[in-house]
Amino acid sequence: MITSKRLQEIPPSGTVAISNLVSKMKAEGADIVSFSMGEPDFSTPSNIADACVESLRSGFTHYTPSTGIPELRKAVADYSRSKNGIPCDASNVLITPTKQALFMIALAYLDPGDEVLLPDPSWVSYEAHIRMTGAVPKYVTTSFDDGFVIDPEKVEAAATSKTKMVVINSPSNPTGCVQPESTIKGIADICVDRDIYALSDEIYENVIYGGRHVSIASMPGMFDRTITVSGLSKTYAMTGWRLGWAIAPAQDIVAINKLQSHSITCCTSFTQPAAVEAITGPQEEKDRMVETFRKRRDLALDLISEIPQLECNVPEGAFYLFPRCSIDMPSNELAERLLKEAKVAVTPGRAFGPAGEGFFRISYATGEDQIREGLSRIKKALASM
Ligand SMILES: Cc1ncc(COP(=O)(O)O)c(C=O)c1O
């Protein structure tokens, strides 16, 4: 098979590959505890599912405007303005799956040779999207000892005349770090001074236990140079619905929508009224899910504290732990051995960038019994390595 040179340089998604492997092993009967899934294990709240069924039955089954139905664009804008202080209206919103938004943003803003700063470690797909455009990812190292908080001085030091964009993801996948307001402000100042765009991935904005979620687009001078993405997947257990959004200046939305209209045309129609229900309807189930995640995080942290080879920060958001492992072994090999020998699936830290070496990611979006069993298996396996 001959693929483009551009594609040959892109590895497949490491996180999706592990999830696929785990599904295959489970289907073959293996007793696997999976800490690899980046998705809530709950069902979508019933008021949202009901709104979708109603919309489907009412015949709302045709193309929608490619930017999304007006009611949903407005609901997203109202929510983002009131909760996150982003000075937007419906014309600033494009309805699209969050990952698709990130991919289209890379295509819409980046030219070959442009440089993009991104935290190390960070979620796997940013680097792939950047490389697909011929732009160059440049990692800004964050460290365990600083709780993976980004140091704006390092951002400044990494910036050059070619820097086009800086990526922020708070709360972070894989570290769970919620970037403090002072950090966001520091990065905003650099963006304004140096005329750099910010791409702010806020998909975990509601899965937060401490700290305060701050949107960089709400900072002075930033709205015109920020693309904010978020969505329903993690907040409302709606990963399979493929619904999210991008928020940007109106003329940028028109530009990004060229890509949407030439690719997926629009999002699925009958899910969009249900997304309005998700955002504007009762929020109790969402709050219950977050509280359950918090309990699971605390349980997992307690159990990890009893494993001598591991140490872990207390993350304030998302549903991941990113422990450091004292065993001198590449994280890919460690993850492979944990899967084969302990039948526990974790994601190797190296999948998230060079600074992830020596770490692995645990998703605690799974039941308490699984958390106990999986960490007990990891404890035994590490003791014997
Ligand atoms: C940081 C981050 N951004 C974006 C996404 C993509 O979200 P979605 O699956 O809703 O497109 C994910 C999914 O895991 C993620 O972890």
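Source: prediction; values computed, not measured. (Residues numbered from 1 in each chain as written. Predicted model: local features only at pLDDT ≥ 70, side-chain atom pairs only at ≥ 80, totals over all residues. Heavy atoms only, no water.)

Chemist: How should I be thinking about the sheet that holds strand E7 (residues 226–231) in this particular structure?
Modeler: Strand pairing in a sheet relies on backbone hydrogen bonds, with the paired strands running either antiparallel or parallel. Spatially, 7 strands are ordered E2-E8-E7-E6-E5-E3-E4 in an open sheet, and the strand pairing comes out mixed. Both edges of this open sheet fall to strand E2 (93–95) and strand E4 (136–141), since each of them pairs with a single strand only. Averaged over all adjacent pairs, the angle separating strand axes in this sheet is 20 degrees, with direction ignored. Pairing of strand E6 (residues 197–201) with E7, which is carried by 4 bridges, proceeds in the parallel orientation. (Pairing = 2+ DSSP bridges. Helix = DSSP H or I, 4+ residues; strand = E, 2+ residues; numbered from the N terminus. Axes fitted to C-alpha atoms, helices over the stretch in contact; angles between N-to-C directions.)

Chemist: For this particular structure, what's the right way to read the site of the ligand?
Modeler: Not every one of the 13 residues close to the ligand is listed here, only the nearest: Asp201, Tyr204, Ser233, Lys234 and Arg242. For the ligand, an oxygen atom lies 2.8 Å from a polar atom in the side chain of Tyr204. Against a free-state accessible area of 390 Å², the protein chains account for coverage of 92% of the ligand. A total of 3 residues in the shell around the ligand trace back to one element, the largest contributor, which is helix H5 (residues 98–109). Looking at the shell around the ligand residue by residue, the class counts come to 5 nonpolar, 4 polar and 4 charged. (Near = heavy atom within 4 Å. Polar contact = N/O pair within 3.5 Å; in protein donor to acceptor, adjacent residues only side chain to side chain. Areas by Shrake-Rupley, 256 points an atom, 1.4 Å probe, with all protein chains shown as cover. Nonpolar A, V, L, I, M, F, W, Y, C, P; charged D, E, K, R; others polar.)

Chemist: Mind showing me how you'd approach the domain arrangement of the protein chain here?
Modeler: By a frequent convention, interface size equals the accessible area lost on bringing the separate parts together. Looking at the protein chain, the domain boundaries give domain 1 (5–44 + 284–383) and domain 2 (63–280). Averaged C-alpha coordinates put domain 1 and domain 2 at centres separated by 24 Å. Summing both sides of the interface, domain 1 and domain 2 together bury roughly 3100 Å²; the carbon and sulfur share of this comes to 64%. Run the count over domain 1 and domain 2 and you get 1 salt bridge. Between Arg324 and Asp145 there is a salt bridge; the shortest N-O distance is 3.6 Å. Going through the elements one at a time, helix H2 (14–27), helix H11 (284–304) and strand E10 (320–321) are the ones with two or more residues in the side of domain 1 that touches domain 2. With 6 residues, the single largest contributor to the side of domain 1 that touches domain 2 is H11. In the side of domain 1 that touches domain 2, the residues fall into 20 nonpolar, 9 polar and 9 charged. (Domains from an automatic or database assignment. Buried area = accessible area lost by both parts, 1.4 Å probe. Salt bridge = Lys/Arg side-chain N within 4 Å of Asp/Glu carboxyl O.)

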